Amino acid sequence: MNHRIAIAAALLVLASPLAAQAQDGHTNHAASHGHSHAAFASDRIHVAVEGQGPDVIFIPGLSSSPAVWQGTVDHLNGAYRIHRIHVQGFAGAPAEGNATGPVAAPVAEEIARYIREQGLQKPAVVGHSMGGTMGMMLAARHPDLVGKLMVIDMIPFMGAMFGPPGTTAESVVPVADQVYAGQSSAPRDQYLTQARAAVTGMIRTEAARPGPLADVESSDQQVSAAAFRELIVTDLRPELGKITAPTEVLYVKFNDPRMTDAITDAIYQMSFANLPGAKLKRIDDSAHFIMLDQPTAFYGDLDAFLAK
């Protein structure tokens, strides 16, 4: 069964970095949608801010835009002060400081600096996919800064899915290097063909796909490839015990016919064993983008999470 889990989960994980999320985060869009960009100088991120009330930080995934949260922002209807992170190099933003080297860990540190410099008091942090990885990094490495954490469809060690049982961050490096070489050096048309197929498989709701499909085309291929390599070799399981913020994890059944709900549940339970207080919840009839495929269920869970 371990072999089946590894193969099936890898199919999902291989697709996830290419699952992009829509067309937001730039000045013209900000002006037309009533939000402004925070006065925060960074070559790693820029942040769109809107609303009043308790602070909530939303972090999108790899090759993704803050617009994936637009339905969520509309649902919250101004009851919170929302900070949407846009990672440089993704969804039309120039690569700048993310042009070389790791992405997730440096961006998590920039979000920590943002919280401090903007004077946010224990904000809630909500991260999807790679955004969930950054949320876990932030909550584990700066537990004093995070009030509560929601992780959407992400496990703390993706690399486990790329090798046999017992795979470690060190042992999976050759695989990560091979994946990086393939993604970073692929001809652009070949890369985009694979990306479009991945996005299609990660969003069940056909009407929600056009933005993400367009967005993957405006992401920097090198930044995305480097960030994906980093995710494969990053094992946050030993750090989970440092998280003090109440944590909720929403996830979906792995996208492979050989997987079952029970196997998926077991993978998540094992993955988060070092954070026994975490609330784990599977959302059915959804692909990777839960907020797009099952918005009503997601909004209900988010409302309860934020109200606690």
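See above for the structure.
Notes on the structure in this doc start here. Computed from a prediction, not measured in an experiment: that's the story for all the values here.

Let's talk about the pairing of strand E5 (residues 124–128)
Each regular strand displays side chains that alternate between the two surfaces of the sheet.
Line of reasoning, step 1. Counting buried positions over the five residues of E5 gives five, a clear majority of the element.
Line of reasoning, step 2. Neither face of E5 is open: one carries Ala124, Val126 and His128, the other Val125 and Gly127, and all of them are buried.
Line of reasoning, step 3. Direction of pairing for E5 relative to strand E6 (residues 148–152): parallel, over a ladder of five bridges. Across the sheet, residue His128 finds its bridge partner in E6, namely Ile152.
Line of reasoning, step 4. Handedness of the β-α-β unit built from E5, helix H5 (residues 130–141) and E6 comes out right-handed.

Re the packing of helix H4 (residues 104–117) against H5
Line of reasoning, step 1. Running from N to C, H4 and H5 point in directions that differ by 60 degrees, and their axes come no closer than 9 Å. The orientation of H4 relative to H5 falls into the category oblique. Handedness of the crossing formed by H4 with H5: right-handed. Residue-level inspection shows Ala104, Ala105, Val107, Ala108, Glu109, Ile111, Ala112 and Ile115 of H4 in contact with H5, the latter providing Met130, Met134, Met137, Leu138 and Arg141.
Line of reasoning, step 2. Looking at the contact of H4 with H5, its residues break down into 11 nonpolar, no polar and two charged.

Notes on the sheet that holds E6
Line of reasoning, step 1. Ordered in space as E1-E2-E4-E3-E5-E6-E7-E8, the eight strands form an open sheet in which the pairing is mixed. Each edge of the sheet is formed by a strand with only one pairing partner; in this case those strands are strand E1 (36–37) and strand E8 (279–282).
Line of reasoning, step 2. Here four bridges tie strand E3 (residues 55–59) to strand E4 (residues 81–87), and the two strands are oriented parallel to one another. Bridging from a neighbouring strand, Val56 pairs with Ile82 of E4.

Let's talk about the nonpolar core
Line of reasoning, step 1. Among the nonpolar cores identified, the biggest contains 61 residues, and Ile111 and Met130 are the most heavily contacted of them.
Line of reasoning, step 2. Apart from the residues within four sequence positions on either side, Met130 is in contact with Gly61, Leu62, Phe90, Val103, Ala104, Ala227 and Leu231.
Line of reasoning, step 3. Counting 27 residues, the second largest nonpolar core, distinct from the first, contains Val56, Leu76, Tyr80 and Tyr299.

Here we look at H4
Line of reasoning, step 1. Over its 14 residues, H4 runs 20 Å from end to end, which matches the ideal 20 Å to within 8%, given 1.5 Å per residue.
Line of reasoning, step 2. Where H4 is concerned, the buried positions are Ala104, Val107, Ala108, Glu110, Ile111, Ala112, Tyr114 and Ile115.
Line of reasoning, step 3. Each element contacted by the buried residues of H4 is listed here: strand E2 (45–50), E3, E4, H5 and helix H9 (221–232).
Line of reasoning, step 4. Just beyond H4, the residue with positive phi is Gly119, at close to 70 degrees.

A short note on the pattern of salt bridges
Line of reasoning, step 1. Counted under the stated rule, the structure contains 13 salt bridges.
Line of reasoning, step 2. In this structure, Arg81 and Asp55 form a salt bridge, with 2.7 Å as the shortest nitrogen-oxygen distance. Here Arg81 is found in strand E4, whereas its partner Asp55 is found in strand E3, with 26 residues between them in sequence.
Line of reasoning, step 3. Residue classification places Arg81 among the partly exposed residues on the basis of a relative accessible area of 28%.
Line of reasoning, step 4. You can call Asp55 buried: its relative accessible area is 13%.

Quick notes on the pairing of strand E7 (residues 247–251)
Line of reasoning, step 1. With five of its five residues buried, E7 lies for the most part within the structure.
Line of reasoning, step 2. The alternating pattern of E7 places Thr247, Val249 and Tyr251 on one face and Glu248 and Leu250 on the opposite face, and all of these are buried.
Line of reasoning, step 3. Bridging between E6 and E7 involves four bridges; their strand directions are parallel. Each residue of the ladder has a partner; that of Leu149, found in E7, is Thr247.
Line of reasoning, step 4. In the sheet, E7 pairs with E8 via four bridges, with the strands oriented parallel. Its bridge partner lying in E8, Leu250 is registered against Lys281.
Line of reasoning, step 5. Viewed along the sheet, the connection from E7 through helix H10 (residues 261–271) into E8 turns out right-handed.

Some remarks on H5
Line of reasoning, step 1. If you check H5, its first and last C-alpha atoms are 16 Å apart, about what 12 residues at 1.5 Å a residue would give, namely 16 Å.
Line of reasoning, step 2. With respect to burial, H5 is a largely interior element, 11 of its 12 residues being buried.
Line of reasoning, step 3. Among the residues of H5, Met130, Gly131, Gly132, Thr133, Met134, Gly135, Met136, Met137, Leu138, Ala139 and Ala140 are the ones counted as buried.
Line of reasoning, step 4. Those residues of H5 hidden inside the fold are in contact with E3, E4, H4, E5, E6 and H9.

Brief notes about the packing of aromatic side chains
Line of reasoning, step 1. Applying the stated criterion across every chain yields a total of seven aromatic pairs.
Line of reasoning, step 2. Three or more aromatic residues joined by ring pairs make a cluster, and in this case those are Tyr251, Phe254, Tyr268 and Phe272.
Line of reasoning, step 3. Residue placement shows Lys148 over the ring face of Phe305; its charged tip is 5.7 Å from the ring centre.

So, how was this worked out
Residues numbered from 1 in each chain as written. Predicted model: local features only at pLDDT ≥ 70, side-chain atom pairs only at ≥ 80, totals over all residues. Heavy atoms only, no water. Buried < 20%, exposed > 50% of the residue type's maximum accessible area, 1.4 Å probe, protein only. Helix = DSSP H or I, 4+ residues; strand = E, 2+ residues; numbered from the N terminus. Pairing = 2+ DSSP bridges. Right-handed = clockwise from strand over helix to strand, strands pointing away. Axes fitted to C-alpha atoms, helices over the stretch in contact; angles between N-to-C directions. Parallel < 35°, antiparallel > 145°, perpendicular 65-115°, else oblique. Left-handed = near helix turned anticlockwise from the far one by under 90°. Contact = heavy atoms within 4.5 Å. Nonpolar A, V, L, I, M, F, W, Y, C, P; charged D, E, K, R; others polar. Core = buried A, V, L, I, M, F, W, Y, C linked by side-chain atoms within 4.5 Å. Expected span 1.5 Å × (residues − 1). Salt bridge = Lys/Arg side-chain N within 4 Å of Asp/Glu carboxyl O. Phe/Tyr/Trp six-rings, centres within 6.5 Å; stacked < 30°, edge-to-face > 60°. Lys NZ or Arg CZ within 6 Å of the ring centre and 35° of its normal.

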